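# What the coordinates show
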There are 2 protein chains.
Amino acid sequence: MSYFLCDEFQKMEPYIPGEQPKDQAYIKLNANESSLPPSPRVFDAVSQSRIRGMGHYADPHCKQLRKAIGDVYGVNADRVFVGNGADEVLGFCFMSFFSPRMKLCFPDITYDFYRTYAKTNRIDFEQIPLDADFHVNVEDYIATDRDIVLANPNNPTGLALSVSDIERVVAVRPKRLVIIDEAYIDYGNESCIPLTEKYANLIVVQTFSKSRNLAGARIGFAIASKEIIEDMNKIKFTFNPFNMSAFALAAGSAAVQDTTYLEKCVHSVLATRVRVQKALEKMNFFVAEPHANFLFVSHPYISGGELCKMLKERGILVRHYDEARIRDYVRMTIGTGEEMDKVLQQLHEILQEVKACES
Amino acid sequence: MSYFLCDEFQKMEPYIPGEQPKDQAYIKLNANESSLPPSPRVFDAVSQSRIRGMGHYADPHCKQLRKAIGDVYGVNADRVFVGNGADEVLGFCFMSFFSPRMKLCFPDITYDFYRTYAKTNRIDFEQIPLDADFHVNVEDYIATDRDIVLANPNNPTGLALSVSDIERVVAVRPKRLVIIDEAYIDYGNESCIPLTEKYANLIVVQTFSKSRNLAGARIGFAIASKEIIEDMNKIKFTFNPFNMSAFALAAGSAAVQDTTYLEKCVHSVLATRVRVQKALEKMNFFVAEPHANFLFVSHPYISGGELCKMLKERGILVRHYDEARIRDYVRMTIGTGEEMDKVLQQLHEILQEVKACES
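Residues numbered from 1 in each chain as written. Chains lettered and ligands numbered in written order. Predicted model: local features only at pLDDT ≥ 70, side-chain atom pairs only at ≥ 80, totals over all residues. Heavy atoms only, no water.

Quick reminder of the rule: UniProt positions are given in the numbering used here, feature names are shortened, and annotations may be inferred rather than shown by experiment.
The name that an unreviewed UniProt entry assigns to chain A is Histidinol-phosphate aminotransferase, with the source organism given as Sporolactobacillus nakayamae. What UniProt states about chain A under its Catalytic activity (unreviewed entry) heading is, verbatim, "L-histidinol phosphate + 2-oxoglutarate = 3-(imidazol-4-yl)-2-oxopropyl phosphate + L-glutamate". Of chain A, the UniProt comment under Cofactor (unreviewed entry) reads exactly: "pyridoxal 5'-phosphate".

### Things to note about the sheet that holds strand E12 (residues 329-333) of chain A
Residues and elements named next belong to chain A. What counts is decided by this rule: Think of it this way: DSSP has to see at least two bridges between two strands before they count as a pair. Secondary structure elements follow DSSP: runs of H or I of four or more residues count as helices, runs of E of two or more count as strands, with numbering from the N terminus.
Strand order in this open sheet of three strands is E9-E10-E12, and the pairing throughout is antiparallel. At either end of the open sheet lies a strand with only one pairing partner, and these are strand E9 (286-287) and E12. Where E9 and strand E10 (residues 294-298) come together, two bridges link them in antiparallel fashion. When the bridges of E10 are listed, Val-287 appears paired with Val-297.

### Some thoughts on the relation of the copies chain A and chain B
Operational definition: The copies were overlaid by least squares, fitting only the C-alpha atoms of residues that reach a pLDDT of 70 or more in each copy. The contact rule is simple, with two residues in contact once any of their heavy atoms fall within 4.5 Å.
Aligned on chain B, chain A shows an RMSD of 0.0 Å; the corresponding rotation is 180 degrees and the shift along the axis is 0.0 Å. Seen this way, the second copy is the image of the first under a two-fold rotation axis. In terms of proximity to the rotation axis, the leading residue of chain A is A:Phe247, whose C-alpha is 3.5 Å off the axis. With an isologous cut-off of 70% or more, the 100% of interface residues of chain A that recur at the interface of chain B puts this contact in the isologous class.

### Some thoughts on the nonpolar core
Short version of the rule: Here, nonpolar core means buried Ala, Val, Leu, Ile, Met, Phe, Trp, Tyr and Cys residues that are tied together by side-chain atoms lying within 4.5 Å of each other. Partly exposed describes any residue whose relative accessible area lies between the buried limit of under 20% and the exposed limit of over 50%, with all areas from a 1.4 Å probe on protein chains only and scaled to the type maximum.
Counting 120 residues, the largest nonpolar core has A:Ile69, A:Leu202, A:Phe247, B:Ile69, B:Leu202 and B:Phe247 as its most contacted members. In this structure, A:Phe94, A:Leu104, A:Ile179 and B:Ile228 belong to the second largest nonpolar core, which totals 74 residues.

### Here's the deal with the UniProt feature "modified residue: N6-(pyridoxal phosphate)lysine" (unreviewed entry) in chain A
Under the UniProt annotation, the feature "modified residue: N6-(pyridoxal phosphate)lysine" (unreviewed entry) is placed at A:Lys210. In this fold, A:Lys210 is placed in the loop between strand E7 (202-207) and strand E8 (220-223). Given the relative accessible area of 5%, A:Lys210 is considered buried. Leaving out residues up to four positions away in the same chain, A:Lys210 has contacts with A:Ala31, A:Asn32, A:Ser34, A:Ala183, A:Tyr184, A:Tyr187, A:Asn293 and B:Tyr57.

### A closer look at unusual backbone geometry
Cis geometry marks the peptide bond from A:Asn155 to A:Pro156; its omega dihedral reads 15 degrees. Counting through the fold element by element, A:Pro156 comes out in the loop between strand E5 (147-151) and helix H7 (163-172). Positive phi values are uncommon outside glycine, yet A:Cys62 reaches one of about 50 degrees. Tracing the backbone through its elements, the reader meets A:Cys62 in the loop between helix H2 (48-52) and helix H3 (63-73). With a relative accessible area of 3%, A:Cys62 lands in the buried category. We note that B:Asn213 has phi near 55 degrees; this positive angle belongs to a residue other than glycine.

### Quick word on the pattern of salt bridges
A side chain with one charge can pair with a side chain of the opposite charge if their charged atoms come near. Put simply, the rule is: In what follows, salt bridge is the name for a side-chain nitrogen of Lys or Arg lying within 4 Å of a carboxyl oxygen of Asp or Glu.
A complete count under the given rule lists 32 salt bridges over all chains for this structure. Here A:Asp124 makes a salt bridge to A:Arg146, at a shortest N to O gap of 3.2 Å. In this pair, A:Asp124 is assigned in strand E4 (residues 124-128) and A:Arg146 in the loop between helix H6 (138-143) and E5, connecting sequence segments 22 residues apart. Look at A:Asp124 and you get partly exposed, because its relative accessible area is 30%. Among the ionic pairs, B:Arg275 bridges to B:Asp341, the shortest N-O distance being 2.8 Å. With B:Arg275 in helix H10 (residues 259-282) and B:Asp341 in helix H12 (residues 337-358), this pair connects stretches of sequence that are 66 residues apart. The partly exposed category is assigned to B:Arg275, whose relative accessible area is 37%. A relative accessible area of 41% places B:Asp341 in the partly exposed class. Through salt bridges with shared partners, a single ionic network connects A:Lys103, A:Asp124, A:Glu126 and A:Arg146.

Pasting the structure below:
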């Protein structure tokens, strides 16, 4: 730590992303990434002539991408905010609407960014426990007067709320802000975006990092009321007016228009997910009802930490959280069919080995 | 404004970037961009196979780019921070080291980001007046005990301080932080980067947006002590761990290694700058001693605002600041030789017109 770091940051605990070891070629199932390429249109959009013009700033108002996203979701471009990844979008939401005086809540088990940000910025936050089988209890969020951030589907559990349940939470207190983080919404779930037409206290955040296979390009967006988006843009123009690169704007605009390709990719992930879930259950794994591009699993014979370690030794990375309630679990991204065949094979061998040790 | 915007932001005045009108094809000399393409190596780096792998996150530690920059400047990678444009780098500097309790200073005429950020975040800032001919008075900065941000060369004036003068400022108070923003350093000036070896209270910020012709790719960096860079990385991991896209990391790593191309581009800008300065002085323009890729000029017969407007009508964008001390001036980027020939021709005609009106 330097002499100069502000006092309030001296105890911060930064978010820790899934590891990216380089010591060997791993099957990487620890960050909910996609092994599929982005839409063919992205290859055309990131052209030689685009690179030739890189000496110029891209449009800081990001009009083209905002319009392209708006068109796909049936909302006006002035209700769309775009950022350098959904994390930046969430960061600008938090920065704009949550100050240290304010009261926030989110589940005890969820995407760790919320806690990290709130803690670092001394926002008063409450972590509301999920119920025993990791479901969000909607009544808790109807009852509280705190602002709310909910990942739907939730991460790392993969469980989801219905739009009607979320609408009850949003509708009950119009002066309380609700952020719904829909990073994984495309994997067979219904989005809350249509609710933003009706409720001025709702922000829906999505990302191009999952279903659009563009994690490396850093594109996220928020849809909300025109006034909320205006506020976020003002904050952005104060901190980093040119937050979106010409690469991201071009790739994003091309990708979002290719809804056919999105559906094809999602379909392929869902088909693999069904197959892997069945195979895991046959091996006696518990699999939380999946709603995303990952599975949240546990096994009676082996702890989450041990399973994570043994898979890593076999060249497979999954995510384990060393936290009280979910220590027994690992989160495993749905990779390609071929990758998942290898994973199932390795899991089979691991279970044999564990059983042999026990007997 | 939404009901939800935090009180402290309700009066914010966001930074206003140079306009990007689309009503016609302009010669764009209002944002100090480059019309030259990036290094040929960038075209190779942003390859089809790179795009194919975009489904994966890029390295959040940005090791390759930090090492590539470190190698060029002779510092270890752990003393290099990289960000999504120099604005984000400055944002993380400010966020890490300047809290509302702290006292900051910078010139009254300089890059407006500093004032915008300080004002929005309620940092106590003092704007120290440049002297009558727009030079930084070094003694002012030696005398003050406030933290310091200086653009060197300064923007929009283009005037520069020597490294020895900056060293005096840095050395006099080792517990006072000094940020030197060297966005325009490559245009014939000496960098303070070597001083970061010796002084733990110095941060040097640079960008790939100017001399490396990559404004659209959003790449900036800071060089400082290992401890300062560690602090900034922690803050980054709290706000946006994956702040750098795979595009930016690849393009940046390729571009920074091509020092020959950098020199060639800089040489071409400097040659054009010399030629344009001479031509302008012949037309009776005052030209502040240029140290960057732009000229800061005024003319006895026409106000800055009027000149800016008349050039725009002729398809040429330059930057005018409607602020008391510099109202008479415009800032004009050095474009290609061909672009500048057109500009000189138009200026000639404008002056004829103005003279005709006056007589």
